[in-house]
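Residues per chain are reported as follows:
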Amino acid sequence: MKNRVCELLGIKYPIIQGGLAYVGNGALAAAVSNGGGLGQIGTAGRSIDNLKKQIRIACESTDKPLGINLPISEHSDMNPVVETILQNKERFKAISISAGNPKPYIPIFKEAGLKVMVLTGSVKHALKAQESGADIIICEGFEAGGHNSPLELTLFSMIPQISRAVQIPVVAAGGIVNGQGIVAAFALGAEGVQLGTRFVATKECEAHENYKNLLVHAGDDATVVMERSIGRATRVLKSPFAEQILEFEKTQPTVEELLPYIRGVNNRIAAIEGRVDEGWMNCGQAVGLIESIESASDVVRKLAHEAREVSVSLGFMQTVFADNVAENV
Ligand SMILES: Cc1cc2nc3c(=O)[nH]c(=O)nc-3n(C[C@H](O)[C@H](O)[C@H](O)COP(=O)(O)O)c2cc1C
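Quantities reported herein were computed from a predicted structural model and do not represent experimental measurements. (Residues numbered from 1 in each chain as written. Predicted model: local features only at pLDDT ≥ 70, side-chain atom pairs only at ≥ 80, totals over all residues. Heavy atoms only, no water.)

Student: Explain the sheet that holds strand β9 (residues 192-195) to me, using residue names and the numbers behind them.
Tutor: Strand pairs in the sheet, formed through backbone hydrogen bonds, run parallel or antiparallel to each other. Read from one edge to the other, the open sheet built from 8 strands follows the order β1-β9-β8-β6-β5-β4-β3-β2, with strand pairing classed as parallel. What marks the edges here is a single partner per strand, and that holds for β1 (15-17) and β2 (39-42). Going across the sheet, the axis of each strand differs from the next one's by a mean of 25 degrees, ignoring polarity. Pairing of strand β8 (residues 170-173) with β9, which is carried by 3 bridges, proceeds in the parallel orientation. Paired with Ala 173 across the strands is Gln 194, a residue of β9. (Pairing = 2+ DSSP bridges. Helix = DSSP H or I, 4+ residues; strand = E, 2+ residues; numbered from the N terminus. Axes fitted to C-alpha atoms, helices over the stretch in contact; angles between N-to-C directions.)

If you want it as structure tokens, here you go:
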């Protein structure tokens, strides 16, 4: 095993596919794991029957370690999802917990034998997660697609501060789509990376082709952040629907008033049904670097290859920063 993240998760490369609401299906998770990373099934946006189906598909398609993602919602009953995960506990190596307070859930999943990864967006929350027994911190920067911490801290500043504060391994998430991003994250103190948007633009992801094509053709300014008016931050692709939400948010709506726009079904309409002008789609800021829709296994292998190449190419820095050259040259 190569580092602490590989060791804890039993994987070849410290590359994790983030839990993806609506589009984190079993075939995608298996393809990522077959490529040498950790694929995760997303529970958000799934019925229990569909979740069971995705677990079955993933397990039939790989014998490599798999993960599952659990975004905590204070407004819905988490028990059926938690029970389903526990019923299938021997099929998962790890769980990632995001959104709400992970504290009550960490001991439950650790007792079930899973490694627990907690998504955080600040030093304070990373320390709390470590104290509560998390095995890995996933440090998610504001560049990331989907729901982000309202603190809006970016990855470049956050990883060194979190990795200095905690003793457990830190995985960087947000704005990483290639080997350069991986090497940069490691230089800052991360021991692994989690990618979301890159894995949506893959053959196995169940996102609609219209969504995938938008990702491949998007540029550096393709995303906007919605839900700030209600104290949240969700990074999505610019679209007529997203612009409509931003306009409505200028009127300072209540959560109840905004809900008809931001509810999951509007994500489903665009991301799964492909009616991209009628809903919103999660997307990270580095989307401009995604150029093709490939197999997720190939994406993982390519990322590992690029990370090797980039790290070797940085050998020149030893000369740039050498202290044995004459000054003023
Ligand atoms: C389509 C999409 C759906 C997402 N859904 C979830 C989710 O349900 N749970 C979660 O923890 N993170 C979710 N995320 C965040 C990812 O797991 C990951 O941390 C993030 O995408 C990393 O940033 P990137 O998109 O720049 O790679 C989602 C991201 C995207 C792009």
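Student: Could you give an account of the domain arrangement of the chain, naming the residues involved and the relevant values?
Tutor: You can read the domains of the chain as domain 1 (4-207) and domain 2 (209-271). For domain 1 versus domain 2, the separation of C-alpha centres amounts to 23 Å. With 20 residues of domain 1 at the contact, the number on the domain 2 side is 17 residues. Summing both sides of the interface, domain 1 and domain 2 together bury roughly 1,400 Å²; the carbon and sulfur share of this comes to 56%. It is Tyr 22, Phe 142 and Ala 207 that lose the most area in domain 1 upon contact with domain 2, and together they represent 37% of the buried surface on that side. Our count for the domain 1 to domain 2 interface comes out at 8 residue pairs in polar contact (both at pLDDT 80 or more). Those elements that place two or more of their residues in the side of domain 1 that touches domain 2 are β7 (146-148) and α9 (197-200). At 3 residues, the largest contribution of residues to the side of domain 1 that touches domain 2 is made by β7. Per-class residue counts for the side of domain 1 that touches domain 2 are 10 nonpolar, 7 polar and 3 charged. (Domains from an automatic or database assignment. Contact = heavy atoms within 4.5 Å. Buried area = accessible area lost by both parts, 1.4 Å probe. Polar contact = N/O pair within 3.5 Å; in protein donor to acceptor, adjacent residues only side chain to side chain. Nonpolar A, V, L, I, M, F, W, Y, C, P; charged D, E, K, R; others polar.)

Student: Can you tell me about the packing of aromatic side chains, naming the residues and giving the values?
Tutor: Inspection of the entire model under this criterion finds 2 aromatic pairs. Among the aromatic residues, those joined into a cluster by ring pairs are Phe 241, Phe 248 and Tyr 261. (Phe/Tyr/Trp six-rings, centres within 6.5 Å; stacked < 30°, edge-to-face > 60°.)

Student: If you had to explain the environment of Gly 189 to someone new, which residues and values would you point to?
Tutor: For Gly 189, the position within the fold is in the loop between α8 (179-188) and β9. On a C-alpha basis, the gap between Gly 189 and His 147 in space is 23 Å, while along the polypeptide they are 42 residues apart. Excluding anything up to four places from it in sequence, Gly 189 contacts Ile 159 and Ser 163.

Student: Report on the site of the ligand, specifying residues and quantitative values.
Tutor: Near the ligand you find 23 residues, and of these Asn 69, Ser 98, Glu 140, Gly 175 and Thr 197 are the closest. In the model, a nitrogen atom of the ligand is placed 2.7 Å from a nitrogen or oxygen of the Asn 69 side chain. Gln 194 places a polar side-chain atom, nitrogen or oxygen, 2.8 Å from an oxygen atom of the ligand. Taking 590 Å² as the accessible area of the ligand by itself, protein coverage stands at 95%. Partitioning the shell around the ligand into residue classes produces 10 nonpolar, 12 polar and 1 charged. (Near = heavy atom within 4 Å. Areas by Shrake-Rupley, 256 points an atom, 1.4 Å probe, with all protein chains shown as cover.)

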